[in-house]
Amino acid sequence: MAETRHSFAKHTHEAFGIGYMYAGAQKSASGRGVVEAGAGNIITVNPREVHDGHPIGDAPRGWNMLYFDPALIASAARDISDRASPQYEFTRPVMDNVQVR
């Protein structure tokens with residue numbers, strides 16, 4: 001769990017990241033373009049995807065992230081789609097799901 005006004009420089013993670021923004025808002029540059037997310041949004045990041053993060057506005061933003069091994073996500077994607085591909089990629093960096101709120 002993180003809650004901060006800190007700006008994060010460009011970096012990567014070796015795992016898939018899935019998170020929930022519970023407060024504030026942020027803007028980031030990623031391999032999928034400029035991304036804005038706010039409270040109530042689900043956020044994702046792919047392994048080795050270069051991204052940064054900056055708060056929007058004066059308030060801190062808060063989020064919870066879970067990180068998953070790429071092999072686990074690829075296996076789950078195969079089970080769901082019956083596809084034989086060992087590769088998977090999140091295509092939506094921000095999702096709004098009112099059921100999560």
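Source: prediction; values computed, not measured.

Caption draft 1: Examining the layout of surface pockets more closely. What the largest pocket holds in volume is close to 360 Å³. The wall of the largest pocket is formed by 21 residues, among which Gln-26, Ile-43, His-51, Asp-52 and Met-65 lie closest to the centre. Taken together, the elements giving at least two residues each to the lining of the largest pocket come down to strand E2 (8-11), strand E4 (25-30), strand E5 (33-38), strand E6 (41-45), strand E7 (51-55) and strand E8 (61-68). A class-by-class count of the residues in the lining of the largest pocket yields 10 nonpolar, eight polar and three charged.

Caption draft 2: Spotlight on the pattern of salt bridges. Applying the stated criterion across every chain, the model contains three salt bridges. Here Glu-14 and Arg-48 are joined by a salt bridge, their closest N and O atoms 3.4 Å apart. Of this pair, Glu-14 sits in the loop between E2 and strand E3 (16-23) while Arg-48 is found in the loop between E6 and E7, placing the two residues 34 residues apart along the sequence. Side by side, Glu-14 and Arg-48 carry an identical accessibility label, which is exposed. A salt bridge links Arg-32 to Glu-49; its shortest N-O distance comes to 3.0 Å.

Caption draft 3: Local environment of the sheet that holds E2. The strand order E2-E7-E4-E5 describes an open sheet built from four strands, whose pairing is antiparallel. The outermost strands of the open sheet, each flanked by one partner alone, are E2 and E5. Taken pair by pair, the neighbouring strands of this sheet meet at an average axis angle of 20 degrees, ignoring direction.

Caption draft 4: Inspection of helix H1 (residues 70-81) at higher detail. The first and last C-alpha atoms of H1 sit 16 Å apart over 12 residues, in line with the 16 Å expected at 1.5 Å per residue. When H1 is considered as a whole, its buried residues turn out to be Ile-73, Ala-74 and Ala-77. One side of H1 holds all its buried residues, which, seen down the axis, span an arc of 100 degrees. Structural note: H1 exposes Ala-71 and Asp-79 on the side pointing more than 90 degrees away from its buried face. Buried residues in H1 make contact with E3 and E8. Capping the start of H1 is the job of one residue whose side-chain oxygen sits 2.8 Å from the backbone nitrogen of Ala-71: Asp-69. Downstream of H1 by a residue or two, Asp-82 has a phi angle that is positive, lying close to 60 degrees.

About the criteria used
- Residues numbered from 1 in each chain as written.
- Predicted model: local features only at pLDDT ≥ 70, side-chain atom pairs only at ≥ 80, totals over all residues.
- Heavy atoms only, no water.
- 1 Å grid on protein atoms, 1.4 Å probe; cavity = no way out; pocket = protein on both sides within 12 Å on 5 of 7 lines; lining within 4 Å.
- Points joined across faces, edges and corners; volume = space filled by probe spheres on them.
- Helix = DSSP H or I, 4+ residues; strand = E, 2+ residues; numbered from the N terminus.
- Nonpolar A, V, L, I, M, F, W, Y, C, P; charged D, E, K, R; others polar.
- Salt bridge = Lys/Arg side-chain N within 4 Å of Asp/Glu carboxyl O.
- Buried < 20%, exposed > 50% of the residue type's maximum accessible area, 1.4 Å probe, protein only.
- Pairing = 2+ DSSP bridges.
- Axes fitted to C-alpha atoms, helices over the stretch in contact; angles between N-to-C directions.
- Expected span 1.5 Å × (residues − 1).
- Arc of directions from axis to C-beta.
- Contact = heavy atoms within 4.5 Å.
- Polar contact = N/O pair within 3.5 Å; in protein donor to acceptor, adjacent residues only side chain to side chain.

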